[in-house]
Amino acid sequence: MKFFENRELVVSTLSPVHIGCGEDYEPTNYVIDDKGVVGVLHALDAAAFSRDGTESLRNDLMKALGEEDAVGQLRAVHAALQRHRGLLAPAAVTRVRLCNGVLAHYRQTQDARNDFNRNGIERTAYDLVSQLPYLPGSSLKGAIRTAWLCAQGAGRSPVPRALTARIDDFNRMIEEVELINGKTSWKLRASVSKKNYEQARKDIEKQLKSAAEKMEPDWLGGNFQSDPLRALKIGDARPCDADIEREVRFCLNRSRSGRRSQAQSQNLYTRLEYIGEQQPAAFGLTITLQHLEQIAGRTDHEGKPLAPQRERLIEWPKLVQACNDYYLPRLDHDLRLIRALKPDSAWLAHMSELLAAGLRDEIRAGETVLLRVGKHGGADSNTADGRQIKIMLNEDRRMNNGREEKIRLYMFDSAPRTNWYCGDNLDSPADLMPHGWIVLSNPERAWQTRMPGHSRRIQRLHRAEEASRRRAEEAEEARQAAEQAAASAAALAAMTPNQRLIEEFKSSCAARAEQLMGNKENANAVLHNKARELAKAAHEGADWTIAEKSAAADAIEEWLPKLVKIDLKDERKKLKLAALRSGCAAAKP
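Residues numbered from 1 in each chain as written. Predicted model: local features only at pLDDT ≥ 70, side-chain atom pairs only at ≥ 80, totals over all residues. Heavy atoms only, no water.

Trainee: Where do I start with the overall build of the protein in this structure?
Mentor: When helices and strands are counted, the protein shows 16 helices and 18 strands. Projected onto the principal axes, the alpha-carbon positions of the protein cover approximately 130 × 75 × 45 Å. Classification of the 589 residues of the protein by burial places 43% in the buried group. The long-range fraction of contacts in the protein, counting pairs at least 24 apart against all pairs at least 6 apart in sequence, stands at 77%. Carbon together with sulfur atoms contributes 50% to the accessible area of the protein, which is approximately 31100 Å² in total. (Helix = DSSP H or I, 4+ residues; strand = E, 2+ residues; numbered from the N terminus. Buried < 20%, exposed > 50% of the residue type's maximum accessible area, 1.4 Å probe, protein only. Contact = heavy atoms within 4.5 Å. Areas by Shrake-Rupley, 256 points an atom, 1.4 Å probe, with all protein chains shown as cover.)

Below is the structure:
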């Protein structure tokens, strides 16, 4: 048996993906090009400010720092960058599209009456060299670990029964009341003091943390050495397409009940850089699974395990089944929520079509791995079934001994009350999409061609091929022109002065013909006079040979009637072309 096996897979995105990296696009390090069909963010680094021609920019930045308050300085610095974006944009290290809603919001914040501080944009994980987004292997393994953990703990509760009872008692300390405006709010019961409520919450949080720390070693079989997932190595998923789609959009909070969430009521949102949805084979990665059968169950001299027990070893089919059993019901739940919140969702229609086109069958058959990664995937997609989630509710206020008492209320539950969605508009988004859904598969699956991103990629490839073809044609034309110019130069160098005069006349006529486009210029104009000068030089030049005189006559007779309004028969007599061809000297006019 081989010690390990490698699997080369591709990652297709089903919904927008954002994996945080701890960095933001700040107004002091980007400029926005909002003059085209779509807005484009041009991210800058320090090198952009040291280019030639940036002296005026640096002077403007120094003036901007003279503003009195921090927000005024920030606004003035960004305004200075925007004034010089024609210089800075070509030096950008990366470029990201802005959806129309984010672009409109950005324009609004340029007004001093609006909050400029909300122009930071959370950046998704990216490669420092290429500046392209990627999916860290740690994120993928974390999603797989959650699913495997739940599979190993099937039928077991992650929360002890006694703690569950305490949580029920804690949740009963608050009650939901209806307000005068018809809305509802949570209040701490009058019989419960703030001190007792907060102490009960802290005790539960401590016990939940302790239960979580014991759960993984218990369900997976011990420490790192005996953890079966130590055999699974997942590399970073690198982009297969240098033009991988990404866009800055809003991250919006919505209540699962259909009512306005607390965050929605307070207009809380963030702006994130997303890897676009419905992109087939967007990333490639390698997964290595070590076979530890030969060392399974071994211990050291103290009896401590050195490897997982044989019955806990991972097999690829079981791992895939664990992931799909965990995530597919959650994906279906997300689809139902979207259908309730946004019945006309285009994303929902695409997903339904994609699942029916064979993706669901492949997931059920274990031919494709369904995962959810990144930020805002929802607590119920990152935890074991049955785990308790702390949910923040509203702030309660009441009088206590003549003083107002503020109490932040919480509830523990197995499912969150709200979800975060990706949207293109703060108030009325055209669509709502959940975060982080991806699939791992072999390349070139039939359902991948049904993704909207597939047709967009084909169009990009066609445009790139057409641009490459045009560049090749232009390069070939330039090469041929250079060769012709070199040949002409060599031919001219080998000519006599008289032959060069004839060639210059013919070149002038050819260039003028392109300008006239079939028309003719009047007599006694430039070309007519050039023909007269050439004929005169041929008649009077003592060094002209018979062949050169004849060539001059041929050139005049060929081009003059094409480009000048003349009577050719009359012009032959005036210029004495017959005399040139016979080699006889003509009398001076």
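Trainee: Would you explain the layout of surface pockets in this entry?
Mentor: Over the atoms rolls a probe the size of a water molecule, and in doing so it shows where empty space is left. Put simply, the largest pocket is a space of about 1300 Å³. Lining the largest pocket are 45 residues; nearest its centre among them are S261, Q262, M392, R417 and T418. Breaking the lining of the largest pocket down by element, the ones donating at least two residues are β8 (184-188), β11 (246-255), α8 (262-265), α9 (316-341), β15 (389-400) and β17 (418-423). Looking at the lining of the largest pocket element by element, the count peaks at six residues for β15. Each residue belonging to the lining of the largest pocket can be placed in one class, and the counts come to 14 nonpolar, 19 polar and 12 charged. Reported here for the second largest pocket is a volume of approximately 780 Å³. Those elements that provide at least two residues to the lining of the second largest pocket are β5 (94-98), β11, β12 (269-275), α10 (346-365), β17 and α11 (452-494). (1 Å grid on protein atoms, 1.4 Å probe; cavity = no way out; pocket = protein on both sides within 12 Å on 5 of 7 lines; lining within 4 Å. Points joined across faces, edges and corners; volume = space filled by probe spheres on them. Nonpolar A, V, L, I, M, F, W, Y, C, P; charged D, E, K, R; others polar.)

Trainee: Hey, could you run me through helix α1 (residues 55-64) in this one?
Mentor: Helical geometry: 3.6 residues make up each α-helical turn, so side chains three or four residues apart lie on a common side. What α1 keeps buried is the set L57, D60, L61 and A64. Projected down its long axis, α1 carries its buried residues within an arc of 100°, all on one side. In α1, the exposed positions that point more than 90 degrees away from the buried face belong to M62 and K63. Of the surrounding elements, those touching the buried residues of α1 are α2 (70-83) and α3 (85-88). (Arc of directions from axis to C-beta.)

Trainee: Sorry if this is basic, but what is going on with unusual backbone geometry here?
Mentor: Negative phi is the rule for most residues except glycine; trans is the rule for most peptide bonds. A positive phi is found at A281, a non-glycine position, where the angle reads about 45°. The class for A281 is buried, based on a relative accessible area of 17%. Unlike most non-glycine residues, E444 shows phi in positive territory, near 55°. The topology assignment puts E444 in the loop between β18 (437-441) and α11. When its relative accessible area of 75% is taken as the criterion, E444 is described as exposed.

Trainee: Help me out: how do you make sense of empty space enclosed by the protein in this one?
Mentor: Under the criterion given, the structure shown has three cavities of 30 Å³ or more. For the largest cavity, the calculated volume is near 40 Å³. As for the largest cavity, its lining consists of P228, A231, Q290, H291, L292, E293, L313 and I314. When grouped by side-chain class, the residues that make up the lining of the largest cavity number five nonpolar, two polar and one charged.

Trainee: What am I meant to see in the packing of helix α12 (residues 497-516) against helix α14 (residues 546-563) here?
Mentor: Relative orientation and spacing of two packed helices are given, respectively, by the angle between their axes and the distance between those axes. Look at α12 against α14: their axes get within 10 Å of each other, and the N-to-C directions meet at 10°. Here α12 lies roughly parallel to α14, going by the angle between them. Of the residues in α14, those in contact with N498, Q499, I502, F505, K506, C509, A510, R512, A513 and L516 of α12 are E548, A551, A552, A555, I556, W559 and L563. In terms of residue class, the contact of α12 with α14 is built from 12 nonpolar, two polar and three charged. (Axes fitted to C-alpha atoms, helices over the stretch in contact; angles between N-to-C directions. Parallel < 35°, antiparallel > 145°, perpendicular 65-115°, else oblique.)

Trainee: Where do I start with the pairing of strand β1 (residues 4-13) in this structure?
Mentor: Along any regular strand the residues' side chains alternate between the sheet's two faces. Relative to strand β13 (residues 279-290), β1 runs antiparallel, the two sharing nine bridges. Looking at the pairing, V11 lines up with F283 of β13. The pairing of β1 with β18 spans four bridges and is antiparallel. By the bridge assignment, S12 is partnered in β18 with V439. (Pairing = 2+ DSSP bridges.)

Trainee: Looking at this structure, how should I read the pairing of strand β14 (residues 369-372)?
Mentor: Side-chain alternation along β14 places V369 and L371 on one buried face and L370 and R372 on a second face that is also buried. Examined bridge by bridge, β14 and β18 share four bridges and lie antiparallel to one another. When the sheet's bridge partners are listed, L371 is paired in β18 with I438.

Trainee: What is the right way to read the packing of aromatic side chains from this model?
Mentor: Each aromatic ring pair is characterised by the separation of its centres together with the angle its planes make. Following the criterion strictly, the structure yields five aromatic pairs and no others. Measuring from centroid to centroid gives 5.6 Å for F250 and Y269, while their planes differ by 85°, and the two rings are edge-to-face. Of the two residues, F250 is situated in strand β11 and Y269 in strand β12; the sequence distance between them amounts to 19 residues. Residue classification places F250 among the buried positions, given a relative accessible area of 1%. Taking relative accessible area as the criterion, Y269 reaches 10% and is therefore assigned buried. When the ring of Y327 is compared with that of W437, the centres are 6.1 Å apart and the planes differ by 85°; the resulting orientation is edge-to-face. One end of the pair, Y327, is in helix α9; the other, W437, is in strand β18, with 110 residues separating them in the sequence. Judged by relative accessible area, which is 0%, Y327 ranks as buried. Three or more aromatic residues link up through ring pairs in this structure, and these residues are F170, Y197 and F412. For the cation-ring pair, R123 lies above Y126, with the distance from its terminal atom to the ring centre recorded as 3.5 Å. Of note, R330 hangs over the ring of Y326, and the distance from its end group to the ring centre comes to 3.7 Å. (Phe/Tyr/Trp six-rings, centres within 6.5 Å; stacked < 30°, edge-to-face > 60°. Lys NZ or Arg CZ within 6 Å of the ring centre and 35° of its normal.)

Trainee: Even after reading the chapter, I still don't get the side chain of E571, so can you show me in this structure?
Mentor: Tracing the chain through its elements places E571 in helix α15 (residues 568-575). In this view, E571 contacts H528, L560 and I566; residues no more than four positions away in its chain are not counted.

Trainee: Hey, could you run me through the nonpolar core in this one?
Mentor: In a soluble, globular protein the nonpolar side chains are often hidden away together inside. Judged by nonpolar contacts, the single largest core of 87 residues is most densely connected at L14, L135, L285, L370, L371, I438 and L440. If you tally residues by element for this core, the top one is α9, at 12 residues. The contacts of L14, once residues within four sequence positions are left out, are E277, Q278, W347, M351, L354, L359, L370, W437, I438, V439 and M451. Ranked by size, the runner-up nonpolar core spans 21 residues in total, among them C509, A531, A552 and V564. (Core = buried A, V, L, I, M, F, W, Y, C linked by side-chain atoms within 4.5 Å.)

Trainee: Hey, could you run me through the environment of S255 in this one?
Mentor: Along the chain, S255 falls in strand β11. With relative accessibility at 9%, the residue S255 sits in the buried group. Sequence-wise, S255 and L341 are 86 residues apart; in three dimensions their C-alpha atoms are separated by 9.2 Å. Excluding anything up to four places from it in sequence, S255 contacts R260, S261, L341, R417 and T418.

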